[in-house]
Amino acid sequence: MNKNLLIIIMINLCIPLFSKNICGEKILFNGNIFVEATRSIENKAISIKDQRINYIGELDEFKICKEEKVDLKKGYVFPGFVDAHAHLKGVGYRQLKLDLSNTSSKEEMLQRVKVYNDKNQNMQIIFGEGWIEKNWSDKTFPTRFDLDEINSDIPIILERADGHAFLVNSKALTLSNIDLVTKNPSGGEIERLSDGRANGILIDTAKNLVQQLIPAQTIEDEKNAFALGAKIYQQRGWTGMHDADSLFVEKIRIFENLDLDLKIHFSLNQEDYEHCIKGRRSIKIYADGAIGSRGAALFENYEDKDSKGLIIYDQNEVRQLLKNLYERDCQIQIHAIGDRGNSMTLDLYQEFLEGTNKDLRWRIEHAQNVTEKDQQRFKKYNVIASMQPSHAIGDLHFAKDRLGLERLDYAYAWKSFIEKGVVIVGGSDAPVEFGDPLQEYYAAVTRKDLTGFHDEGWNLQQALSREEALDIFTKWPAYAIFQEEDLGTIEVGKYADFSVFDKNILTIDNMDILDTKVVMTIINGEVVYTHE
Ligand SMILES: [Zn+2]
C-alpha cells in the first residue's frame, strides 16, 4: 500500500474517534477561560455534554464538530460564583416591596415613596423597608407629616434598615388607635412631639402596635419572592447559593419544586433535623446576635456598652441536636459572631469532632470575631468559616466603636484563617448586604468600602489575594456542600457552571472591579442570563 494512502486511511479512521471524544452538544468559544490546571486565563474553547464539561481545547480542534456554538463575546469565564450565605426569599421581597435602601438624603427617600405611591394607585397599604439616615447630611428622622403629604388616605409603614423602627403616617396611627394617651409597650417607645402627639416613629416592640395593618404573606407571595430572588441572582452572575433561612422542610420542598435555574443548598430548622441530607440540606441555628446591635456574645464588655452580649441557644439542647446530627452524618451551620459565641460553639463541636474519622464539615456562619486560639480549632476540627466580605466594609463604620482597637486585630480575620489552612466560604448575607458577586469580590480583595475608604486599625493585611478571593466564592462553596468533584472549578467532568464577566477580575485595578459587568451566567451548560 502506498504510504500516503495509509496516512489518509489512518486520518479517516481517527477523526470519528477523535471527534467523538471532544464534540459535545454545545461549544463555547471566543472566551478567556480560567483554566484550573494552570489557574490562569487562557484563550480556549469548551465543549459541553450532558450538562458537564466534556473537553477544553483550542477552537481549531472543534472544527469538525457540528454542534451548537455559543459566542462568549471575549468574556472572562470563571467557575460559577456561589453565594455561600444569603436569604433568597428576602432578596426577592426587597425587589417586590418599596425598597428604600441606599438613599443619600431624606428628600431622596421621600421622593421614592412618592414615586411608588403615584405608580401603584390601587394599594390598600404602602409598606417599604431599608431606609437609614446613616448617609444623610440631615440625620433627623422624617415624621408622620412628611408621609401624610404623600398619602393620608391609606396607611404607610416604612421599616428602618436594621428592623428596629417603623416610620408611619397618621392614617396608620389612627387605625391602630395610637393617640395622646397610648402607653409605651414594654421594650418599645412611641416617639412623641413636645405637645405629646406621636411623631410617627415606633421603636422596637412599639412596632407591634401597627403590625396588624401589614397583610400576612401568603405561600404564593413567598414562592413569587423566592423565584424572583433566583432570577435576580442569575442576572448578577451567581450560579448557586446556600440559603441561610433555616426553613421547615415543608417550605423547602415547595421551593425545591419551583425547579429554578439556580443551584440552591438549603438550611433546615432544627425541629426538622431528621430531614437533613448531606450536601443538600443542613441544619441552621443561632449562637448569638450581631455586633452592630451589640447582641454578639463577647468575652469582655463592649467598648461602648456595659454588656457582653447574649448567647441565644441552650447548650444542652445543642449538644443533643449535635448528637443526632453526628449519628446521621449530617451537617450543621451555627451563626456565631462574637469571640465568646464562636468559642462556645467550637467547644460543643469539639465534643463530637475530636478524634472522629467522619467527614462532616460543620460550619460556623459569620465567624466575625474569633481569637487566635479558636482560629486554630477551626483548622483542627475542619470547621468551615462562612464569612461575608461586604460585612466588613459595612461594619468598618462602627466595629471599632463596639469592639475597640485590640479586638479588631482578630475581627473579620480572613487572611489569618486562610494562613492556618481553614476553609473559608464567601457570602453576602443578602438582603442585609446587596448580594452582588463583584461587590463581594471587591470587598474581599480591598477590605475598603465602596468609595475606597477604610478606618484606622482596619488591618488591611487581612484582605485576600485575587486568587484566594476567587476560591472562597467558587472552589470552597463546592467543598462546603460536599460537591467538590462536581462543582467549583473549570475542569473536564464537572458541571458547566460559569460566571462570565467583561473584565479580568484577577488583574484589573480595584475600583474597576466595581465597574465590571456580567456578560453571561451559565448553569449546567445552559445560558440562563445574557447581558443585552
Ligand atoms: Zn444571614
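Here the structure is a predicted model, which is why all the values come from computation and not from measurement.

Thresholds, definitions, all that
Residues numbered from 1 in each chain as written. Predicted model: local features only at pLDDT ≥ 70, side-chain atom pairs only at ≥ 80, totals over all residues. Helix = DSSP H or I, 4+ residues; strand = E, 2+ residues; numbered from the N terminus. Buried ≥ 20, exposed ≤ 12 C-beta atoms within 10 Å, placed from the backbone. Arc of directions from axis to C-beta. Contact = placed C-beta atoms within 7 Å. Axes fitted to C-alpha atoms, helices over the stretch in contact; angles between N-to-C directions. Parallel < 35°, antiparallel > 145°, perpendicular 65-115°, else oblique. Nonpolar A, V, L, I, M, F, W, Y, C, P; charged D, E, K, R; others polar. Pairing = 2+ DSSP bridges.

**Student:** Help me understand unusual backbone geometry, please; the structure alone is not making it clear to me.
**Tutor:** Most peptide bonds are trans, and most residues other than glycine sit at a negative phi. Cis geometry is adopted by the peptide bond preceding Pro431, which originates at Ala430 and carries an omega value of 5 degrees. Even without being a glycine, Ala367 presents a positive backbone phi close to 40 degrees. Inspection of the secondary structure puts Ala367 in the loop between strand E17 (363–366) and helix H11 (372–380). For Ala367, a count of 30 C-beta atoms within 10 Å corresponds to the buried category. Even without a glycine there, the phi angle at Phe482 is positive, about 60 degrees. For Phe482, a count of 16 C-beta atoms within 10 Å translates into the label partly exposed.

**Student:** Explain helix H13 (residues 399–408) here, please?
**Tutor:** Along an α-helix, residues three or four positions apart point the same way, because every turn accommodates 3.6 residues. Ala399, Arg402, Leu403, Arg407 and Leu408 are the residues of H13 that are buried. Summarising the axial view, the buried residues of H13 lie within an arc of 90 degrees, below the 170-degree limit, and thus occupy one face. Across from the buried face of H13, at angles greater than 90 degrees, the exposed residues are Leu405 and Glu406. Buried residues along H13 sit against helix H12 (389–395).

**Student:** How should the packing of helix H2 (residues 88–96) against helix H7 (residues 219–236) be read in this particular structure?
**Tutor:** To describe two helices that pack against each other, one gives the angle between their axes and the distance between the axes. At a minimum axis separation of 7 Å, H2 and H7 run at an interaxial angle of 95 degrees. Comparing the axis directions of H2 and H7 gives the class roughly perpendicular. Taking contact as the criterion, the partners of Leu88, Lys89, Val91, Gly92, Tyr93, Gln95 and Leu96 in H2 are, on H7, Glu222, Ala225, Phe226, Ala227, Leu228, Gly229, Ala230, Ile232 and Tyr233. The residue inventory of the contact of H2 with H7, partitioned by class, reads eleven nonpolar, three polar and two charged.

**Student:** Sorry, what's going on with helix H16 (residues 466–473) here?
**Tutor:** Residues of H16 that are buried: Ala469, Leu470, Asp471, Ile472 and Phe473. If you follow the buried residues of H16, they end up packed against strand E5 (76–79), strand E6 (81–86), strand E19 (424–426), helix H15 (437–446) and helix H17 (475–480).

**Student:** Mind showing me how you'd approach the pairing of strand E14 (residues 263–268) here?
**Tutor:** Consecutive residues of a regular strand have side chains that alternate between opposite faces of the sheet. Across the six residues of E14, six count as buried, placing the element largely inside the fold. By the alternation rule, side chains of E14 split into Lys263, His265 and Ser267 and Ile264, Phe266 and Leu268, which are all buried. Pairing of strand E13 (residues 238–243) with E14, which is carried by three bridges, proceeds in the parallel orientation. Bridge assignment links Gly240 to a residue of E14, and that residue is Lys263.

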